[in-house]
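What follows is each chain in one-letter form.
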Amino acid sequence: MSENFRRLPAVHRLLESPRLHAAAQRYGRSAATEACRKALESIRNRLRLGGGSLSDAEIEDAVLAELRSLEADAYRPVVNATGVMLHTNLGRSPLPAQQAESLSGYLALEFDVERGCRGQRLAPLKERVAHLFGAEAAVMVNNNASSLLLILRALTHRKEVLVSRSQLIEIGGSFRLPAVMEAAGCTLVEVGCTNRTHLKDYAEAINDETAAILVAHQSNFRIVGFTTNPSMDDLAALAHERELPFIVDQGSGCLHDLTRWGLPYEMTVGDCLTAGADLVCFSGDKLLGGPQAGIIVGRRRWVEPLGRHALYRALRPDKTALVQMDRTLRAHQADRLHEIPLYSMLEMTVDALRRRARRVARRLKDNGVLATPRPTRAALGGGTTPDETLASYGFALDGGQNLLDELRRGETPIVARIEDDMVVVDLRTVMPKQDQVLVAELLSACQRTAGGQSLKTGGK
Ligand SMILES: *Cc1c(COP(=O)(O)O)cnc(C)c1O
């Protein structure tokens, strides 16, 4: 064994080999040195565990593999086969494949081209946002948590804000309404009970210190049974009678009637405004299907000052979000929903998905892997319509947790799910252009789990 250790080349010697010399030119000397160290380290570990020695070419291969992984994207593209369309861990709404031209060079971000002077970052977009939602004014920030922080800080600092006990929500990724309110420096006044809150609970809680009434959408849960909450119209009327702003954290940014896609009706941003909300805020990367952003729309009197607040500078969106949002808004405005990946997924018919499932299953079978096409249920996810699913289609494979884990370890990771001990791939969230890589990754994962997948029946 010690002989094998001694025969390992030194780093500087390794780098003299023609292949690694070339690699060092491409990746840089320090990266190549680091890769040599790492590769040698893992080879030594192998030897310690009783592994055999490697040839020079094999050692060089190991170094090159290390170098390639240094070069790989930090945020790797994956195939989302979970059927969850707004998957927060997978980047929520997917963006269009083609990047806008203005993002690959300079753009008039804060520049008035007409007059040749400094312009306002939001000026080109504000009108478009407001128009799409039928609002008087609009502001855009970094995400919806920022929207709430800005609204509360600017309008309710050191004052009281009324919230129903049924709406003290926590959203994934450590967004908790009470914590955001604390950060904004306002006092949360809880009204009503978890299941029932009445208009008079709000009315009785209003005093000289009250700065606003806030309604937060119960994004990711439902309270069912003996429940009640006052209508938005009644809350708006109460707020206005007491000269308070009525704030709605709508969350999802729903702007179309979801029943169009067989989903349950959800109050749209426009509905909230019609009901009398003064400020409505929501995410850009949920049902809007755009980039991460927070959008605030509503009455000019309340919304306009937000863009001038000192905190706005810290919360403002970057140019990529602004450009992508503009594109998303125009697609909604013109009802060109197929340009928004989320909506092209929603629009896909079960028939079309079934045909794809059969085609993929056939290609797998030709290579000795059995996949059984089957109906599945997809979900919007991202804290929208929590208890509703959408008919979808995919296929199931034997192999259980083993195969599920192996699928994530391929060159392009496949994220699937387990149902009845089978690995289930839901095609609604797999981009059609990914079908080919899906097949390749499935075949290679089945090969790696050798024996785990055989030509046994793939389910019901
Ligand atoms: C999603 C959501 C948030 C958080 O939005 P981010 O854009 O993730 O910051 C806040 N409130 C509600 C009601 C939500 O649904």
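Computed from a predicted model, the values in this text were never measured in an experiment.

**Student:** Would you explain the overall build of the protein chain in this entry?
**Tutor:** When you go through the protein chain residue by residue, the secondary structure sums to 18 helices and 18 strands. Considering only C-alpha atoms, the protein chain reaches an extent of 85 × 60 × 45 Å along its principal axes. Relative to its 460 residues, the protein chain shows a buried fraction of 49%. A sequence separation of at least 24 residues applies to 76% of the contacts in the protein chain between residues at least 6 apart. Of the roughly 22800 Å² of accessible surface on the protein chain, a fraction of 48% belongs to carbon and sulfur atoms.

**Student:** Please clarify how the site of the ligand should be interpreted in this entry.
**Tutor:** With respect to spatial proximity, 13 residues lie near the ligand, and among them Ala145, Ser219, Asp249, Ser283 and Lys286 are the closest. With respect to the ligand, the side chain of Asp249 contributes an N or O atom lying 2.6 Å from a nitrogen atom. Between the ligand and Lys286 there is a distance of 2.7 Å, counted from an oxygen atom to a side-chain nitrogen or oxygen. Secondary structure elements with two or more residues in the shell around the ligand: helix 7 (144–156) and strand 11 (246–251). Of the residues in the shell around the ligand, the class split is four nonpolar, six polar and three charged.

**Student:** Mind showing me how you'd approach the sheet that holds strand 10 (residues 210–216) here?
**Tutor:** Paired through their backbone hydrogen bonds, the strands of a sheet run either parallel or antiparallel. Read from one edge to the other, the open sheet built from seven strands follows the order 5-13-12-11-10-6-9, with strand pairing classed as mixed. Looking at the sheet topology across the chains shown, the edges are occupied by strand 5 (137–141) and strand 9 (187–191). Across this sheet, the average inter-strand angle for adjacent strands is 25°, counted without regard to direction.

**Student:** Would you take a moment to explain the nonpolar core for this structure?
**Tutor:** For soluble globular proteins, nonpolar side chains are generally found buried alongside one another. If you look at the biggest cluster of nonpolar residues, it comprises 88 residues, and the most contacted ones within it are Phe133, Met140, Ile213, Phe246, Val280, Val297 and Tyr343. The contacts of Val297, once residues within four sequence positions are left out, are Val129, Phe133, Ala135, Ala137, Ala138, Val269, Leu273, Asp278, Leu279, Val280, Phe282 and Val303. The next biggest cluster of nonpolar side chains, apart from the first, holds 27 residues, and it includes Ala361, Leu403, Val425 and Val430.

**Student:** Looking at this model, I keep getting lost on a positive patch on the surface. Mind explaining?
**Tutor:** A cluster of like positive charges, contributed by Arg355, Arg358, Arg359, Arg362 and Arg363, occupies part of the molecular surface. Following the sequence through the fold, Arg362 ends up in helix 16 (residues 350–366). What makes Arg362 exposed here is its relative accessible area of 52%.

**Student:** Explanation requested: the confidence of the model for the protein chain in the structure shown.
**Tutor:** Low-confidence regions, as indicated by low pLDDT, have predicted coordinates that should not be scrutinised in detail. Per-residue pLDDT for the protein chain averages 92, and the proportion of residues at 70 or more is 96%. Note that pLDDT drops below 50 for residues 452–460; the model gives that stretch 21 contacts with residues more than four away or on any other chain.

**Student:** Would you explain the environment of Met422 in this entry?
**Tutor:** Structurally, Met422 can be placed in strand 18 (residues 422–426). Exposure remark for Met422: the relative accessible area of 9% places this residue in the buried category. In this structure the C-alpha to C-alpha distance between Met422 and Leu132, which are 290 residues apart in sequence, comes to 44 Å.

**Student:** What exactly am I supposed to notice about the sheet that holds strand 14 (residues 372–381) here?
**Tutor:** Here five strands make up an open sheet; going across it, the order is 2-14-15-18-17 and the pairing mixed. Each of the sheet's edge strands pairs with one partner strand only, and the pair in question is strand 2 (84–86) and strand 17 (417–419). This sheet shows a mean twist of 45° between the axes of neighbouring strands, independent of strand direction. Running at roughly 10° to strand 15 (residues 390–397), helix 16 makes contact with strand 14 and strand 15 of the sheet.

**Student:** Can you walk me through the pairing of strand 18 in this structure?
**Tutor:** On any regular strand, side chains alternate: one points to one face of the sheet, the next to the other face. For strand 18, the buried fraction is high: five of the five residues fall into the buried class. Residues of strand 18 alternate between two faces, with Met422, Val424 and Asp426 on one and Val423 and Val425 on the opposite face, all of them buried. In this structure, strand 15 lies alongside strand 18, joined through four bridges in antiparallel fashion. Each residue of the ladder has a partner; that of Leu397, found in strand 18, is Val423.

**Student:** Can you help me understand the pattern of salt bridges in this one?
**Tutor:** Pairing between side chains of opposite charge can happen when their charged atoms approach one another. Tallied over the full model, the rule gives 24 salt bridges. As a salt-bridge pair, Arg19 and Asp61 come within 3.0 Å of each other at their nearest N and O atoms. Highlighted residues: Arg19 in helix 3 (residues 18–27) and Asp61 in helix 5 (residues 56–71), separated in sequence by 42 residues. Given the relative accessible area of 38%, Asp61 is considered partly exposed. Linking Arg92 and Asp285 is a salt bridge whose minimum nitrogen-to-oxygen distance equals 3.0 Å.

**Student:** So what exactly am I meant to see when it comes to the packing of aromatic side chains here?
**Tutor:** Working definition: an aromatic ring pair is given by the centre-to-centre distance plus the angle between the planes. Applying the stated criterion across every chain yields a total of two aromatic pairs. Judged by centre distance (5.0 Å) and plane angle (50°), the ring pair of Phe133 and Phe282 falls under tilted. A residue pair is termed long-range when its members are at least 10 positions apart, and Phe133 in helix 6 (residues 123–133) and Phe282 in strand 12 (residues 279–283) qualify at 149 residues. Look at Phe133 and you get buried, because its relative accessible area is 6%. Here the basic side chain of Arg196 rests over the ring of Phe226, its NZ or CZ set 3.8 Å away from the ring centre.

**Student:** In this structure, what is going on with the packing of helix 6 against helix 14 (residues 319–333)? I would like to understand it.
**Tutor:** Geometry of a packed helix pair, given as the angle between the helix axes and the separation of the axes. The interhelical angle for the contact between helix 6 and helix 14, taken along N-to-C directions, is 35°, at an axis separation of 10 Å. Remark: the crossing between helix 6 and helix 14 carries left-handed chirality. Mapping the contact onto sequence places Leu125, Arg128, Val129, His131 and Leu132 in helix 6 and Leu322, Met325, Asp326, Leu329, Arg330, His332 and Gln333 in helix 14. In terms of residue class, the contact of helix 6 with helix 14 is made up of six nonpolar, three polar and three charged.

Analysis parameters
- Residues numbered from 1 in each chain as written.
- Predicted model: local features only at pLDDT ≥ 70, side-chain atom pairs only at ≥ 80, totals over all residues.
- Heavy atoms only, no water.
- Helix = DSSP H or I, 4+ residues; strand = E, 2+ residues; numbered from the N terminus.
- Buried < 20%, exposed > 50% of the residue type's maximum accessible area, 1.4 Å probe, protein only.
- Contact = heavy atoms within 4.5 Å.
- Areas by Shrake-Rupley, 256 points an atom, 1.4 Å probe, with all protein chains shown as cover.
- Near = heavy atom within 4 Å.
- Polar contact = N/O pair within 3.5 Å; in protein donor to acceptor, adjacent residues only side chain to side chain.
- Nonpolar A, V, L, I, M, F, W, Y, C, P; charged D, E, K, R; others polar.
- Pairing = 2+ DSSP bridges.
- Axes fitted to C-alpha atoms, helices over the stretch in contact; angles between N-to-C directions.
- Core = buried A, V, L, I, M, F, W, Y, C linked by side-chain atoms within 4.5 Å.
- Patch = residues over 30% accessible without salt bridge, like charges linked within 9 Å, V, L, I, M, F, W, Y side chains within 5 Å.
- Salt bridge = Lys/Arg side-chain N within 4 Å of Asp/Glu carboxyl O.
- Lys, Arg positive; Asp, Glu negative; His and termini not counted.
- Charge placed at Lys NZ, Arg CZ, Asp CG, Glu CD.
- pLDDT = per-residue confidence, 0-100.
- Phe/Tyr/Trp six-rings, centres within 6.5 Å; stacked < 30°, edge-to-face > 60°.
- Lys NZ or Arg CZ within 6 Å of the ring centre and 35° of its normal.
- Left-handed = near helix turned anticlockwise from the far one by under 90°.

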